[in-house]
Amino acid sequence: MGSPSPANRRLGRRGRTPTMTLTRTIPVLDPRTGETEFTITAASADEVRATCASLRQEQHAWQARGIEGRIDVMRRWREEVLRRAEALGERDAADTGGVSTSWSQGFITLANIDGWIDDAAAVLERASVQRPSVTMPHVEVRSQLVPYPLVGVISPWNAPMMLGLLDAIPALFAGSAVIWKPSEVTPRFLEPLFESVRAVPELASVFRFVLGDGETGAAVTGSVDMVCFTGSVPTGRKVAVACAERLIPAYLELGGKDPAIVTSTADLERATTSVLRGAVYATGQVCYSVERVYVHRSIHDAFVDLLREKAERVEFNARDPKQGHLGPFIFAPQAEIVRSHLDDAVAKGAKIVTGGEIERIDGGQYLRPTILTDVDHDMRIMRDETFGPTIPVMAFDTVDEAVRLANDTTFGLTASVLAGDETEALSIAERINAGSVFIQDTFLTFGKSRTIGTNSFGHSGVGGSRTGPESMLRFVRRKALMTNHGDVADIQNDRYGVRQ
Ligand code: NDP
């Protein structure tokens, strides 16, 4: 373990409440060198509880501000984020080894805040009811939206800033306080982000983070009123069980094994370009990466040849994180998982067309886009989430077979269909079990943010959508206030008080 740099000693300190005591330290590795860059101090369960107690105390005033008051505070925060937008991108890129959208994360955060500044009041207004009861017209029904006081956000390492803020920001607008436990693998972005939060004291009192590992995450689930978790299926299951024990809601955004179907009529140029990007972007470390491809047998060989040609032009960003297309594995053990999927596939008869070797450059671990053929559903690479730049391609003969193969999974996050025309693609898309299906392209998930809510199928997610206007309504309970404007019911001659 290396000694913490001054900057990151600050990170650890800022994660603590005044009552915190040091418990254990965790090394944070640089994905580009594999070296320990600094260490962080994990918050203990007692420290998490103390932070939660303080947030609960402060949440009353935050809720009492009302939506317009909270929007005013968030507008001020927006300015602080804007001031640090470049720095936020730099730190997120240092966390991820230089994923290209990382450099824009400051601006993506601004768009997230701006979106809710525009929409939050209207979303709450639309969810509010004041009208006579349909079944008892003399009774007037009013709704009151009551925020869950304290929301726990637990997020993974692959898009460290965005995946936590997707939940934290609407929760804050809704009137909740938020405690965030980001992945300990990628904590560098926290310093500039929470510097911006501290510049707005009203927000800082209801929005805090704790550093730590799974133990710290478990302490968060044990102390909050609801949880938004993004991560793997095994950890999601643990979180769901912990929340069930406490009878609190858990919203889970989990993994995927997302299929792409390419029909015989598809434009090969378009299909290969889109599948390549969808499968290898961010070194495949994206929950909605294309993880398996089904191509009509009549074009299978031509598809693989063209895909290979394009894949071999993809370059690492090893020399300069701002140049090239593929970065290192963010979390070193992920390279081992990918290697084990490749070994399993080859042992069972798959052929590697290109790529396939994990390369070490200056201590970082890289993998070129890796195309496999002769794959089948007995192989882990077609069943389990690989989370690497792998493109297993399987031939199909009929559309029914392609749909059956696409649906032969425990997951159902996203899928893609590339066909000769939109009508053909849509008719296939409607038969696929996934929360979003991208038509004539892959990787369109940003298109649904704030536009439409979706629910994942299978093990990819549980609970209400984190996109669309209703994603904010996850954070409020709806309470009915009912006034009787008529006579009270008489127990002796009015059944249930319903007027005849
Ligand atoms: P993990 O499930 O390993 O970890 C997610 C978070 O949970 C981390 O902060 C982790 O801390 C924490 N954690 C670990 N154990 C517990 C526990 N017992 N209680 C509470 N929290 C705990 O996921 P990864 O970080 O490896 O991220 C990759 C996964 O995330 C992939 O499966 C990917 O598909 C999924 N993902 C899903 C997305 C979606 O929107 N559906 C989006 C992006 C990623 P620690 O890091 O210390 O273990």
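Just so it is clear, the model here is predicted, and its values are computed rather than measured. (Residues numbered from 1 in each chain as written. Predicted model: local features only at pLDDT ≥ 70, side-chain atom pairs only at ≥ 80, totals over all residues. Heavy atoms only, no water.)

**Topic: the site of the ligand**
Heads up, the rule is: A molecule or strand has a residue near it when one of that residue's heavy atoms lies within 4 Å. Polar contact is the term for a pair of N or O atoms within 3.5 Å; when the atoms are in protein, one must be able to donate a hydrogen and the other to accept it, and sequence-neighboring residues count only if both atoms are side-chain atoms. The Shrake-Rupley method, run with a 1.4 Å probe, gives the accessible areas here. Residue values count only the displayed protein chains as cover. Each helix is a run of H or I in the DSSP string that is no shorter than four residues. Each strand is a run of E no shorter than two, and both are numbered from the N terminus. Gly falls in the polar group here, along with every residue not listed as nonpolar (Ala, Val, Leu, Ile, Met, Phe, Trp, Tyr, Cys, Pro) or charged (Asp, Glu, Lys, Arg). Marked domain ranges trace back to an automatic or database domain assignment.
Around the ligand sit 30 residues, and of these S155, E184, S232, L254 and E385 come closest. Between the ligand and the protein, one listed contact pairs an oxygen atom with a side-chain N or O atom of K181 at 2.8 Å. Protein contacts shield 88% of the accessible area of the ligand, which totals 900 Å² for the unbound molecule. When residues of the shell around the ligand are traced back to their parent elements, those giving at least two are α9 (214-221), β8 (226-230) and α10 (233-246). Across the shell around the ligand, the residue classes tally to twelve nonpolar, eleven polar and seven charged. A domain-level breakdown of the shell around the ligand finds at least three residues from each of domain 1 (6-254 + 456-480) and domain 2 (258-448).

**Some words on the packing of helix α3 (residues 66-83) against helix α7 (residues 190-198)**
Stated precisely, the cut-off is as follows: The angle between two axes is taken between their N-to-C directions and runs from 0 to 180 degrees, where each axis is a line fitted to C-alpha atoms and a helix contributes only its stretch in contact. Each crossing gets its handedness from the near helix: less than a right angle anticlockwise from the far helix is left-handed, clockwise is right-handed. Note on contacts: a residue pair is in contact if any heavy atoms of the two residues lie within 4.5 Å.
Direction vectors running N to C along α3 and α7 enclose 145 degrees, while the axes themselves pass 8 Å from each other. Note that α3 runs across α7; the crossing there is right-handed. The segment α3 lies against α7, with W77, E80 and V81 engaging L193, S196 and V197. Of the residues contributing to the contact of α3 with α7, the split by class is four nonpolar, one polar and one charged.

**Focus on the sheet that holds strand β12 (residues 351-354)**
To keep it simple, the criterion reads: Between any two strands, at least two bridges found by DSSP are needed for them to pair.
The seven strands are arranged β12-β15-β16-β11-β10-β17-β18 in an open sheet whose pairing can be described as mixed. Two strands in the sheet have a free side with no partner beyond their single neighbour: β12 and β18 (436-439). Averaged over all pairs of adjacent strands, the angle between their axes in this sheet comes to 25 degrees, without regard to strand direction. With four bridges joining them, strand β11 (residues 290-296) and strand β16 (residues 390-396) adopt parallel strand pairing. Bridge pairing links Y294 to M394 in β16. Contacts between helix α13 (residues 332-347) and the sheet are confined to β12, β15 (370-373) and β16, with β15 contributing the most and set at about 25 degrees to the helix. Across the face of the sheet, helix α16 (residues 422-429) comes into contact with β10 (258-262), β17 (414-418) and β18 while running at roughly 160 degrees to β18.

**Overview of the pairing of strand β5 (residues 150-154)**
Stated formally: Burial here depends on accessible area, computed with a 1.4 Å probe over protein chains only, as a share of the maximum for the residue type. Under 20% is buried, over 50% is exposed, and the range in between is partly exposed. Here the term right-handed applies to a crossover when the path leading from its first strand over the helix to its second strand runs clockwise, the strands being oriented away from the viewer.
Of all five residues making up β5, five are buried, and the element is well covered by its neighbours. Sheet analysis places β5 next to strand β6 (residues 177-181), joined by five bridges and oriented parallel. Bridge pairing in β6 links V153 to W180. For the crossover that starts at β5, traverses helix α6 (residues 160-174) and ends in the parallel β6, the hand is right-handed. Where β5 and β8 come together, four bridges link them in parallel fashion. Of the residues in β8, the one forming a bridge with V151 is M226.

**As for the UniProt feature "active site" (unreviewed entry) in the protein**
Going by this rule: UniProt positions are given in the numbering used here, feature names are shortened, and annotations may be inferred rather than shown by experiment.
Summarizing the sequence annotation, UniProt attributes the feature "active site" (unreviewed entry) to E253 in the numbering used throughout. Structurally, E253 is set in strand β9 (residues 250-253). Setting aside anything within four residues of it in sequence, one finds E253 in contact with F229, T230, G231, S460 and R466.

**A word on the UniProt feature "domain: Aldehyde dehydrogenase" (unreviewed entry) in the protein**
What UniProt calls "domain: Aldehyde dehydrogenase" (unreviewed entry) maps, in this numbering, to residues 24-479. Within the segment residues 24-479, helix and strand shares are 41% and 21% respectively, and the terminal C-alpha atoms sit 43 Å apart.

**Regarding the packing of aromatic side chains**
Spelled out, the test is: The pairing test for Phe, Tyr and Trp rings, Trp by its six-membered ring, is centres within 6.5 Å, and the orientation test on the planes gives stacked under 30 degrees, edge-to-face over 60, and tilted for anything in between. Both a distance and an angle decide whether a charge sits over a ring: NZ of Lys or CZ of Arg must be within 6 Å of the ring centre and within 35 degrees of the ring normal.
In this structure the tally under the stated criterion is eleven aromatic pairs. Here F194 and F207 contribute two aromatic rings whose centre-to-centre distance is 4.9 Å and whose plane-to-plane angle is 55 degrees, an arrangement assigned as tilted. Here the residue F194 occupies a position in helix α7, and F207 occupies one in strand β7 (residues 207-209), the gap between them amounting to 13 residues. Across the pair, F207 and F194 agree in class, each one buried. Plain terms: the ring middles of Y281 and F443 are 5.6 Å apart, the flat faces sit at 65 degrees to each other, and that makes the pair edge-to-face. Taken together, the residues Y281 in the loop between α11 (268-280) and β11 and F443 in the loop between β18 and β19 (461-462) connect sequence positions 162 residues apart. Residues Y281 and F443 agree in their burial class; the two are buried. Taking NZ or CZ as reference, K322 lies 4.7 Å from the ring centre of W103, over its face. Positioned over the ring face of Y251 is R474, at 5.5 Å from the centre of the ring.

**Here's the deal with the packing of helix α2 (residues 45-64) against α3**
Put simply, the rule reads: Small angles under 35 degrees read as roughly parallel and large ones over 145 as roughly antiparallel, with 65 to 115 read as roughly perpendicular and the rest as oblique.
Orientation of α2 relative to α3, taken along the N-to-C sense of each, is 105 degrees, at an axis distance of 7 Å. Classified by the angle their axes make, α2 and α3 are roughly perpendicular. On α3, the residues touching W62, Q63 and A64 of α2 are G66, R70, V73 and M74. Residue classes in the contact of α2 with α3 are distributed as four nonpolar, two polar and one charged.

**Structural notes on the pattern of salt bridges**
In plain terms, the rule: Here, a salt bridge means any Lys or Arg side-chain nitrogen found within 4 Å of an Asp or Glu carboxyl oxygen.
Scanning all chains against the criterion turns up 28 salt bridges. Between R24 and D213 there is a salt bridge whose closest N-O contact spans 2.7 Å. Separated by 189 residues along the polypeptide, R24 in strand β1 (residues 24-29) and D213 in the loop between β7 and α9 bring together distant segments of the chain. Judged by relative accessible area, which is 22%, R24 ranks as partly exposed. Notably, a salt bridge pairs R466 with E253, separated by 4.0 Å at the nearest N-O pair. With a gap of 213 residues between them, R466 in the loop between β19 and β20 (476-484) and E253 in strand β9 connect regions that are remote in the sequence. Here R466 and E253 have matching classes, each one buried. Each of E80, R83, R84 and E195 takes part in salt bridges that share partners, so that together they form one network.

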